[in-house]
Amino acid sequence: MATGLTLKELSKKEDRFTHGHRMCSGCGAPTVVKMVLLATDYPVIASNATGCLEVSSCISEYTAWKIPWIHTAFENAAATISGVETMYRSLKKQGKIDKDIKFIAFGGDGGTYDIGFQSLSGAMERGHDMLYVCYDNGAYMNTGIQRSSATPLGADTTTCPAGDVIPGKLRSRKNLTKIMGAHNIPYAAQASPSHWMDLMKKVKKAHEFIGPKFMNILAPCNRGWRSQTNDSITLSKLAVNSCYWPLYEIEDGVTKITYTPKDKVPVADFMKPQGRFKHLFAPANEWLLKKVQEEVDKEWEKLKKQAECGC
Amino acid sequence: MKQKGWKDLPPGSVVLEGGSAVNFKTGSWRAYRPIWNKENCIQCLLCWIYCPDMAIKVKDGKRGEFDYDYCKGCGICALECPGKKGKNAIEMIEEGK
Amino acid sequence: MAKIVAVTGNEAVANALRQASPDVCAIYPITPQTDMMQKYASFIANGKVSTEPILVESEHSSMSACIGASAAGGRVITATSSQGLALMWEMLHIASGDRLPIIMPVVNRALSAPLNIHGDHSDAMGARDTGWIQIWSENAQDAYDNTIQAFRIGEHMDIRLPVMVCLDGFIISHSIERMEYLEDAEVKNFVGEFKNFLPLLDLDKPKSYGPLILTDYYHEYKRAQHEVMTKVKNVVLDVAKDFEKMSGRKYGLFESYRLDDADIALVILNSAAGTSKDVIDSFRNKGIKAGLLKPRLFRPFPYEEVAEALKNTKAVCVMDRADSFGGYGPMFMEISSALYQLKEKPALINKIYGLGGRDYMPSHAELVLNELNEIASSGKIRIVKEYIGVRE
């Protein structure tokens, strides 16, 4: 039976990702996992790329996963789950399994945008019936905040540190959600835990398509973002309301914005509480802060045009 | 706790009990403790959905006490709590005070 | 009833795989393996086997998908060569560490650089420490028979480990040989139904594969993995016994050829053993007591049995079709380890031959056997390790 999307109804469901996990206090990733699993009204099997979520959720005999779960390596959560899903199809065809099972892969941005990109692209192209969820915190947080291709322009990380000569990351983010949309998969979407209803609706919708689906979900990391432990939801809201992290979906190639902020706030509002952008507020780096705003505006306008033309 | 020898380990290091992390309490990580003021609670359950540690007990759709065995004291619940008439239902106090 | 056919090594192995009816296979092209899985794909396309294929985008994903499929619970195969095996390297350790009985023919080929597509053993020798069982094959018949036996060995409930079946690229994979196929029903019966062990697809007992294990338990897990390997030899021999009953063909941990009373011996793997046997015969005809040992089970390596088989020889040459640069050839290191435990040891030398598909000729074997004969009478070793068949 499908659960209604009210918190009251949802709270009656069993958590399939339990407490006792060892993610940092205030981390956004476990909230993402919890919401994804709560929105899934099916038996589910998950794979997990090496990363914060994986090392903190399954250590020795302690696993936070109440569902069958598999971690193999860093770059292959998609390939691994594609194997599980293929065995399921094989056994189902042979009449050895009768249940309907959903398959989800979880990976961080390092394991998804970078090292796992080929494995993800391959699995999506092959058409496995699976949902890939990227929890995007914008750097290799597990190894200590190194730059990934999801790291935002201007951010200070340990491998693109803000120094006297170079003010942090000088490249813009890779737009993975659009790249996945370009795979012509049935469904690709971007979501944020602050907008839990939007996120969970997207998960539900994703599961109703047969074939490969992709969701990119913002997951604040107070260690890497150098923010407070209590602000992951507030920061995700600011990310959405500044249009740094627009909420949208690409269904059968058609882009739809699922949430338009009433008052679009400056991206500086999102950046200011984060230590990783502190240097951008120094007068010498004003140009870079301006560039970040310009890029956010440009991408938002592009997205709106895509949504308007239905392409 | 006595540690197992190599003969007693599960093959392939597979963890055989789903959700066994409940046996690992993370409450001792906490530096700040959330306190629930029931009278200011409107039962919106936002604290429950936003809690990264599944540390808010809910029964029959109603919020109950914090689960201090697991709460790491991040304070998200207190920050996101809308409260009643501007009065917050969750406040954070320093542990040990 | 056995059926006599003339087929390539790749086709023979593809048929052995088909006869085992795997549930899932991963397919990715790489010379000289390519046409093995190509053949397999045609079996699928023509309804000869019900395997569900995964047409992956790399060998890394191939092994990753095989691990996922095998953990899910079912019989899983793939095949590779050379760079493909090298790209899988990370995942090979995970397949064995997770105790997943994936069966993988490896069509042996040289490694880059320089790029070379021909047969040598550098690829599989590089994977010797990955925790996989390795079985090596002289010819198409061996490769076919070993592949069938590999399912029984890897899937044995006391073992549950992945198995590589090695055969020489081009020399065996692409040459047409006369050999015997077993009946489909015979193989099906021999291999048996796949028995599940901790399947992920068992929703009632959710399991987590691949935890983080730190200093408190990692050492113990590896000790347990070592223990499993110690049980493999007996299973290999038991399976070989059953296989002999069915096929009439006998297999052991290695093959001893005219070794019982030999003074001098070659230790040599795979296809080159065939060429060497002819030369051994001609030396025997000249009254020289020459013999040969062809390893079959390379991992785990049967040290005691090999030492026992070579203990009465005076001089032995280990022929390596791979090099460990800065060290001796990989097979030499195994044989010298095995012989070290003997009180009286034969003299031991190492020749590196046939890299990148360089032909191994009877003249090479003659050269080596003559040298061994000299060492046996003089007791003097000119040089321990040397390349042969190489231009100065």
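It should be emphasised that the depicted structure is a prediction, and the values quoted were computed from it without experimental measurement.

So, on to the overall build of chain B. A tally of regular secondary structure across chain B gives two helices and four strands. Of the regular secondary structure in chain B, the N- to C-terminal order runs β-α-β-β-α-β. When its C-alpha atoms are laid out on the principal axes, chain B stretches across 60 × 35 × 15 Å. Considering only intrachain contacts with a sequence separation of at least 6, the fraction spanning at least 24 residues in chain B is 64%. For chain B, the accessible area works out to roughly 5200 Å², and carbon and sulfur atoms hold 51% of it. When the 16 positive and 12 negative side-chain charges of chain B are each reduced to one mean point, those points stand 2 Å apart.

This part takes up the overall build of chain C. When helices and strands are counted, chain C shows 13 helices and 16 strands. For 392 residues, the compact-globule estimate of 2.2 N^0.38 gives 21 Å, and chain C sits close to it at 21 Å. Structurally, chain C occupies a C-alpha span of about 70 × 55 × 45 Å along its principal axes. Evaluated residue by residue, chain C yields a buried proportion of 61% over its 392 residues. For chain C, the proportion of contacts with a sequence separation of at least 24, taken over those separated by at least 6, is 81%. Accessible surface, chain C: about 15100 Å² in total, of which carbon and sulfur atoms supply 52%.

It is worth spelling out the domain arrangement of chain C at this point. Quoted interface sizes are often the accessible area lost when the parts come together. Residues and elements named next belong to chain C. Taken domain by domain, chain C holds domain 1 (3-247) and domain 2 (254-387). On a C-alpha basis, the centroid separation for the pair domain 1 and domain 2 is 28 Å. A buried area of about 2200 Å², summed over both sides, lies between domain 1 and domain 2, and 54% of it is on carbon and sulfur atoms. One can count five salt bridges joining domain 1 with domain 2. The shortest N-O distance in the salt bridge between glutamate 138 and lysine 277 comes to 2.8 Å. At the junction of domain 1 with domain 2, the criterion picks out 20 residue pairs in polar contact (both at pLDDT 80 or more). Those elements giving two or more residues to the side of domain 1 that touches domain 2 turn out to be α5 (122-126), β6 (133-136), α6 (140-154), β7 (163-168) and α9 (232-247). The residue inventory of the side of domain 1 that touches domain 2, partitioned by class, reads 13 nonpolar, ten polar and seven charged.

Residue-level contacts link 42 residues of chain A with 43 residues of chain C. The tally of links from chain A across to chain C stands at three salt bridges. As a salt-bridge pair, Arg89(A) and Glu52(C) come within 3.2 Å of each other at their nearest N and O atoms. At the boundary of chain A and chain C, one finds 16 residue pairs in polar contact (both at pLDDT 80 or more).

Our focus in this paragraph is helix α2 (residues 29-38) of chain A. Burial runs high along α2(A): ten of the ten residues are buried. Of all the residues in α2(A), the buried ones are Ala29(A), Pro30(A), Thr31(A), Val32(A), Val33(A), Lys34(A), Met35(A), Val36(A), Leu37(A) and Leu38(A).

Strand pairing in a sheet is mediated by backbone hydrogen bonds. Such pairs are either parallel or antiparallel. Strand order in this open sheet of nine strands is β10(A)-β9(A)-β7(A)-β8(A)-β6(A)-β5(A)-β1(A)-β4(A)-β9(C), and the pairing throughout is mixed. The open sheet has two edge strands, β10 (254-259) of chain A together with β9 (208-209) of chain C, and neither has a second partner. Two elements, strand β4 (residues 69-71) of chain A and β9(C), share two bridges in a ladder whose sense is parallel. Among the inter-strand pairings, Ile70(A) is bridged to a residue of β9(C), identified as Tyr209(C).

What follows deals with the packing of aromatic side chains. Tallied over the full model, the rule gives 20 aromatic pairs over all chains. A ring pair is formed by Phe17(A) and Trp65(A), whose centres lie 4.8 Å apart and whose planes are at 65 degrees; its orientation type is edge-to-face. With Phe17(A) in the loop between α1 (7-10) and α2 and Trp65(A) in the loop between β3 (62-63) and β4, this residue pair connects regions lying 48 residues apart in the sequence. Note on Phe17(A): relative accessible area 1%, which makes it buried. Centroid distance Tyr328(C) to Phe332(C): 4.7 Å. Interplanar angle 50 degrees. Geometry classified as tilted. Among the aromatic residues, those joined into a ring-pair cluster are Phe17(A), Trp65(A), Trp69(A) and Phe106(A). Sitting over the ring of Tyr68(B), Arg33(B) keeps its end group 4.0 Å from the ring centre. Over the aromatic face of Trp6(B) sits the side chain of Arg223(C), whose NZ or CZ is 3.9 Å from the ring centroid.

Each side of the interface is counted separately: chain A has 41 residues, and chain B has 34 residues. Across the interface of chain A and chain B, roughly 3100 Å² is buried in total on both sides, 63% from carbon and sulfur atoms. At the junction of chain A and chain B, the tally comes to one salt bridge. For Lys237(A), the salt bridge is made with Glu80(B), and the minimal N-O distance between the two is 2.8 Å. Of the residues belonging to the side of chain A that touches chain B, the class tally is 17 nonpolar, 15 polar and nine charged.

So, on to the pairing of β10(A). Residues and elements named next belong to chain A. The pairing of strand β9 (residues 247-251) with β10 spans five bridges and is antiparallel. Across the sheet, glutamate 249 pairs through a bridge with lysine 256, a residue of β10. Counted between consecutive antiparallel strands, the loop separating β9 from β10 contains two residues, among which aspartate 252 sits at a positive phi close to 45 degrees.

Attention shifts here to the sheet that holds strand β12 (residues 290-295) of chain C. All names here are of chain C. Taking strand neighbours across the sheet as the criterion, the six strands line up as β10-β12-β11-β14-β15-β16 in an open arrangement whose pairing is mixed. Both edges of this open sheet fall to β10 (254-257) and β16 (385-387), since each of them pairs with a single strand only. Strand after strand, the sheet turns through a mean of 20 degrees between neighbouring axes, direction not considered. Sheet topology places β10 next to β12; four bridges connect them, and they run antiparallel. Within the sheet, the bridge partner assigned to serine 256 lies in β12 and is leucine 293.

Time to look at the pairing of strand β3 (residues 62-66) of chain B. All names here are of chain B. In this sheet, β3 lies alongside strand β2 (residues 56-59) in antiparallel orientation, the contact comprising three bridges. Within β3, the position partnered with valine 58 by the bridge is arginine 63. Where β2 hands over to β3, the hairpin turn is made up of two residues, of which aspartate 60 adopts a positive phi near 50 degrees.

About the thresholds
- Residues numbered from 1 in each chain as written.
- Chains lettered and ligands numbered in written order.
- Predicted model: local features only at pLDDT ≥ 70, side-chain atom pairs only at ≥ 80, totals over all residues.
- Heavy atoms only, no water.
- Helix = DSSP H or I, 4+ residues; strand = E, 2+ residues; numbered from the N terminus.
- Contact = heavy atoms within 4.5 Å.
- Areas by Shrake-Rupley, 256 points an atom, 1.4 Å probe, with all protein chains shown as cover.
- Lys, Arg positive; Asp, Glu negative; His and termini not counted.
- Charge placed at Lys NZ, Arg CZ, Asp CG, Glu CD.
- Rg over C-alpha atoms; globule rule 2.2 N^0.38 Å.
- Buried < 20%, exposed > 50% of the residue type's maximum accessible area, 1.4 Å probe, protein only.
- Domains from an automatic or database assignment.
- Buried area = accessible area lost by both parts, 1.4 Å probe.
- Salt bridge = Lys/Arg side-chain N within 4 Å of Asp/Glu carboxyl O.
- Polar contact = N/O pair within 3.5 Å; in protein donor to acceptor, adjacent residues only side chain to side chain.
- Nonpolar A, V, L, I, M, F, W, Y, C, P; charged D, E, K, R; others polar.
- Pairing = 2+ DSSP bridges.
- Phe/Tyr/Trp six-rings, centres within 6.5 Å; stacked < 30°, edge-to-face > 60°.
- Lys NZ or Arg CZ within 6 Å of the ring centre and 35° of its normal.
- Axes fitted to C-alpha atoms, helices over the stretch in contact; angles between N-to-C directions.

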